[in-house]
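Remarks on the overall topology
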Amino acid sequence: MEKPARPASSCSVVLVEETKRNPLLLSSGFAAANGSLAGGGVAGVTGQDKRGGGAIGTGPGYQERETWTRQMDFIMSCVGFAVGLGNVWRFPYLCYKNGGGVFLIPYLLIVFVGGIPIFFLEIALGQFMKAGSINVWNIAPLFKGLGYASMVIVFFCNTYYIMVLAWGFYYLIKSFSSALPWSTCDNEWNTPNCLETFHHLHCSNASLANATVGGANLTCADLADARSPIIEFWENKVLNISSGLDQPGRINWELMLCLMAVWVLVYFCVWKGVKSTGKIVYFTATFPYVVLIILLVRGVTLPGAYNGIMYYIKPDWSKLEEAQVWIDAGTQIFFSYAIGLGALTALGSYNRFNNDCYKDAFVLALINSGTSFFSGFVVFSILGFMAAEQGVDVSQVAESGPGLAFIAYPKAVSLMPVAPLWAALFFFMLLLLGLDSQFVGVEGFVTGILDLFPGKYYHRYKREIAVAICCLLCFIIDLSMVTQGGMYVFQLFDYYSASGMTLLWQSFWECIVVAWVYGADRFMDDVARMIGYRPFPWMKWCWSFITPCVCMGIFLFHLVNYKPLTYNTVYVYPWWGEVIGWCLALSSMLCIPVSLLYKFFRAKGTIREVSQDGEEPRKHENSSVTEDSISNLRWAHLTSPVWGPHHLEYMAPDIGPLSSLTPGSDDNKVIIFESVM
């Protein structure tokens, strides 16, 4: 039966009846079990069973989506993700790389024009569509490639990000000793250039008689080549780094066991879903702050800490002329905010439909950026002390690279009383910092995968099996990063796969699809239905104009100013190494245009004839559309949102229960009615 058409502002919703022999069961309210829904390209909801009974979302193929036990679980999960390794080792590293405090200027600017708008967009989109990173783009099905792209990015991120946890776990184990192994130069991995204490202030043109290594006096020329035992422990013991990417060397079995232990820990924290993960993050999200405060108090009491902090705060204005500073600022925003990874979408999908995600977005963004800024003071107070000890500028204290946290922080804890205790405490904190971030990444990936399977394929241990396969596959790839050349592989993933241009490309298309395909005003109305009020128009302006321009501008700067990847500014990657890196980047970036073109040209006929699964079109008597308009009609059809049952429940209160609808008598009959959206 069909009700009279409502005004153009209404949105058609298709009900697919369950057939007698082969029921059409809907998966999470988005698509039929057979892969398509007939009708005008909009979505299906669970239909009335011919045997009677059932309301919206209660059909045999519909599984009620899991939600947070309490809203604070969502907040703490996002806070746990905000207080991540990126805040501790990536943000201070980028400040150090880009001249200190000048990096804060482009960073804060891009936070307001790019970070917060997209952060809010992804949380709100997940909450509105109640789906993971793939099915959330049923809001504009033609652009579902955005979901596949985010899945590729988060998979790569899960693969290499956990290596930092493995290194931290390795340091944690080594901390349980009477003397920290990175505090002395009498270990088997140390070189003759190792020097525990630097006395540059006492150095004269003659020699430094009080500094001896291996029984020989050190001259000032020798002192210039001296290396800290912390750096030697990192490069010679932990990494045992080879001379290049083409020399992988042997596997570090100690590091491999640490990697395996961390993956097992991640699995048992994620396998039961948000109900269990939401409880674990209460500890993992709050404890790191306690240790950071203790380290800051200790750091500011060390000599030279003031100079280090001033190096962090005082900007070098000439750096603003370098495009790389702006590229790194945009990259860091998207990386630390988890933008483009689909993780925020997955977390938001477990919210209550009426949760105030607008307020949550600002609170979480403040905590995220505030933690990064606060961690910088901890790091640079230690760098200032190390620079004063060695008599050099702060910029020359630590070598560039992700190992900054494994050079500066171990130095800080080694200077404290009862150093092994503080070292164990610090690296336990580092492990917790990364674990809750890893939780979100794995959760986002698994949620996206499981949303693809309809309720028909329900299995009691479906989630546990999916998480196990994900962890095992990532672990196998990670074996290449625990070799002697593993650091070069790690940097390839970090530089190409899940940062920089891939996240900028992803964010650009997210804004374009929501603002120009679905409609910015339309989505603002949807948000208003969820939270009860309309967000500030700044968000709409950013989605429509400002944020896409910022993303594409930085993206183009990245291409124009592209430089070959190097390690510690010395080792240049071979050409085939760069080819591998570009393949990692393009594997996600090409998902969007390839998927769009495939869906668009595979669809046939007019808006009434196109079948979503690409079947031959069905002819209608009233089909009198000219060939020139077929493309426009095809576009309209492929971009029509696919709604779920919760949209009827929350957005169409005037519609009665489905039991009031009279079931048809023909097999595969389609019931169409209008719902005011």
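Residues numbered from 1 in each chain as written. Predicted model: local features only at pLDDT ≥ 70, side-chain atom pairs only at ≥ 80, totals over all residues. Heavy atoms only, no water.

**A closer look at the packing of aromatic side chains**
This is how the line gets drawn: Aromatic rings from Phe, Tyr and Trp, with only the six-membered ring used for Trp, were paired whenever their centres fell within 6.5 Å, and each pair was classed as stacked if the ring planes differed by under 30 degrees, edge-to-face if by over 60, and tilted otherwise. Under the DSSP-based scheme used, a helix requires at least four consecutive residues in state H or I and a strand at least two consecutive residues in state E, with every element numbered from the N terminus. Only protein chains enter the area calculation, which uses a 1.4 Å probe; residues under 20% of their type maximum are buried, those over 50% are exposed, and those in between are partly exposed.
Applying the stated criterion across every chain yields a total of 52 aromatic pairs. Judged by centre distance (6.4 Å) and plane angle (90°), the rings of Phe128 and Phe523 are edge-to-face. With Phe128 in helix H3 (residues 104-129) and Phe523 in helix H17 (residues 501-531), this residue pair connects regions lying 395 residues apart in the sequence. Overall, the relative accessible area of 0% leaves Phe128 in the buried class. Classification of Phe523 by relative accessible area gives buried; the value is 0%. An aromatic cluster of at least three residues, connected via ring pairs, comprises Tyr160, Trp167, Tyr171, Trp182, Trp189, Phe233, Trp234, Phe406, Phe426, Phe427 and Phe490.

**Observations regarding the state of the cysteines**
How we decide: Note on terminology: pairs of cysteine sulfur atoms within 2.5 Å are recorded as disulfides.
Scanning the model with the defined rule gives one disulfide in all. In this model Cys185 forms its disulfide with Cys194; the gap between the sulfur atoms is 2.0 Å. Given an S-S torsion of about -70°, the disulfide between Cys185 and Cys194 has left-handed geometry. Owing to a relative accessible area of 2%, Cys194 belongs among the buried residues under this scheme. Left without a disulfide partner, Cys471 is nearest to the cysteine sulfur of Cys470, which lies 5.3 Å away. Lacking any disulfide linkage, Cys474 is separated from the closest cysteine sulfur, that of Cys470, by 4.4 Å.

**Concerning the nonpolar core**
Defined as follows: Side-chain atoms within 4.5 Å are what join buried Ala, Val, Leu, Ile, Met, Phe, Trp, Tyr and Cys residues into a set we call a nonpolar core. Residue contacts are counted whenever heavy atoms from the two residues lie within 4.5 Å of one another.
Grouped together as the largest cluster of nonpolar side chains are 196 residues, with contacts concentrated most on Trp167 and Phe523. When sequence neighbours within four positions are dropped, the list of residues in contact with Trp167 reads Trp234, Val238, Leu239, Leu255, Phe406, Met487 and Phe490.

**Focus: the pattern of salt bridges**
What counts, and what does not: By definition here, a salt bridge exists when the distance from a side-chain nitrogen of Lys or Arg to a carboxyl oxygen of Asp or Glu is within 4 Å.
Applying the stated criterion across every chain, the model contains nine salt bridges. The closest approach of N and O atoms between Arg227 and Glu235, which form a salt bridge, is 2.9 Å. On the accessibility criterion, Arg227 (24% relative accessible area) is partly exposed. Given the relative accessible area of 12%, Glu235 is considered buried. Among the salt bridges present, the one from Asp526 reaches Arg529, with a minimum N-O distance of 2.9 Å. Of this pair, Asp526 and Arg529 are both found in helix H17, three residues apart, which corresponds to roughly one turn of the helix. For Arg529, a relative accessible area of 36% gives the class partly exposed. Each of Asp521, Asp525, Arg534 and Lys540 takes part in one network of salt bridges that share partners.

None of the figures reported here should be taken as evidence of function without further support.
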